[in-house]
Amino acid sequence: QVQLVESGGGLVQAGGSLRLSCAASGRTFSRYAMGWFRQAPGKEREFVAAITWSGGRTYYADSVKGRFTISRDNAKNTLSLQMNSLKPEDTAVYYCAAKRSVDAIYRPQYDYWGQGTQVTVSS
């Protein structure tokens with residue numbers, strides 16, 4: 001069982017930066033691949049970024065590649081998403097999620113989800 005709590009969302013102007021964090025409970029955090037997804041009003045939940053259990057490999061949506069960086073600290077049970085050069089189209093609720101395998105890591109078929117944190121980018 002893994003419980004996830006996101007933080008760090010807020011309102012920022014276009015071109016600005018935010019850093020999202022996800023705190024995970026449980027001793028098995030390091031066994032899970034982790035991902036960030038986002039969902040804007042009226043749209044489906046979409047993949048943003050993911051990272052393997054060791055942190056050795058990362059995956060990004062084309063829309064955020066070069067602007068966002070995913071990282072994890074298994075000693076502290078935390079997942080992070082550094083978001084730079086934010087655009088109004090990045091506005092959404094951001095969710096962190098955990099899954100036991102890296103199969104279909106781009107799909108929202110994860111085992112555990114956080115409650116989400118709102119990110120709003122003004123133009």
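Up top you'll find the structure we're talking about.
Bear in mind that the values here come from a model prediction, so they are computed numbers and not experimental data.

**Considering the overall build of the chain**
Piece 1. In terms of helices and strands, the chain carries 0 helices and 11 strands.
Piece 2. Overall, the chain shows an N-to-C arrangement of helices and strands of β-β-β-β-β-β-β-β-β-β-β.
Piece 3. Computed over its C-alpha atoms, the radius of gyration of the chain comes to 13 Å, within 12% of the 14 Å expected for a compact globule of 123 residues.
Piece 4. Buried residues in the chain amount to 44% of all 123 residues.
Piece 5. Sequence-distant contacts in the chain: of pairs separated by 6 or more residues, those separated by 24 or more amount to 58%.
Piece 6. Of the roughly 6,400 Å² of accessible surface on the chain, a fraction of 46% belongs to carbon and sulfur atoms.
Piece 7. Here the chain contributes 15 positive and 9 negative side-chain charges, whose respective centroids are spaced 5 Å apart.

**Considering the pattern of salt bridges**
Piece 1. Overall, the coordinates contain 5 salt bridges when judged by the stated rule.
Piece 2. The partner of Arg 38 in a salt bridge is Glu 46, with the nearest N and O atoms 2.5 Å apart.
Piece 3. We classify Arg 38 as buried; its relative accessible area is 6%.
Piece 4. Exposure remark for Glu 46: the relative accessible area of 35% places this residue in the partly exposed category.
Piece 5. Measuring nitrogen to oxygen at the nearest pair gives 2.8 Å for the salt bridge that ties Arg 67 to Asp 90. Here Arg 67, found in the loop between strand 6 (58–60) and strand 7 (68–73), pairs with Asp 90, found in the loop between strand 8 (78–83) and strand 9 (92–99); they are 23 residues apart in sequence, far enough to count as distant. Each member of the pair Arg 67 and Asp 90 is classed as buried.

**Some words on unusual backbone geometry**
Piece 1. A positive phi is found at Ser 85, a non-glycine position, where the angle reads about 50 degrees.
Piece 2. A positive phi angle is found at Ala 104, which is not glycine, with a value near 50 degrees.
Piece 3. Relative to the helices and strands, Ala 104 is located in the loop between strand 9 and strand 10 (112–113).

**Details of the pairing of strand 5 (residues 46–51)**
Piece 1. With 5 of its 6 residues buried, strand 5 lies for the most part within the structure.
Piece 2. Alignment of strand 4 (residues 33–39) against strand 5, held across 5 bridges, turns out to be antiparallel. Each residue of the ladder has a partner; that of Met 34, found in strand 5, is Ile 51.
Piece 3. Between the end of strand 4 and the start of strand 5, which pair antiparallel, lie 6 residues, with Gly 42 showing a positive phi angle near 75 degrees.
Piece 4. With 3 bridges connecting them, strand 5 and strand 6 associate as antiparallel partners. Within strand 6, the position partnered with Ala 50 by the bridge is Tyr 59.

Rules used throughout
- Residues numbered from 1 in each chain as written.
- Predicted model: local features only at pLDDT ≥ 70, side-chain atom pairs only at ≥ 80, totals over all residues.
- Heavy atoms only, no water.
- Helix = DSSP H or I, 4+ residues; strand = E, 2+ residues; numbered from the N terminus.
- Rg over C-alpha atoms; globule rule 2.2 N^0.38 Å.
- Buried < 20%, exposed > 50% of the residue type's maximum accessible area, 1.4 Å probe, protein only.
- Contact = heavy atoms within 4.5 Å.
- Areas by Shrake-Rupley, 256 points an atom, 1.4 Å probe, with all protein chains shown as cover.
- Lys, Arg positive; Asp, Glu negative; His and termini not counted.
- Charge placed at Lys NZ, Arg CZ, Asp CG, Glu CD.
- Salt bridge = Lys/Arg side-chain N within 4 Å of Asp/Glu carboxyl O.
- Pairing = 2+ DSSP bridges.

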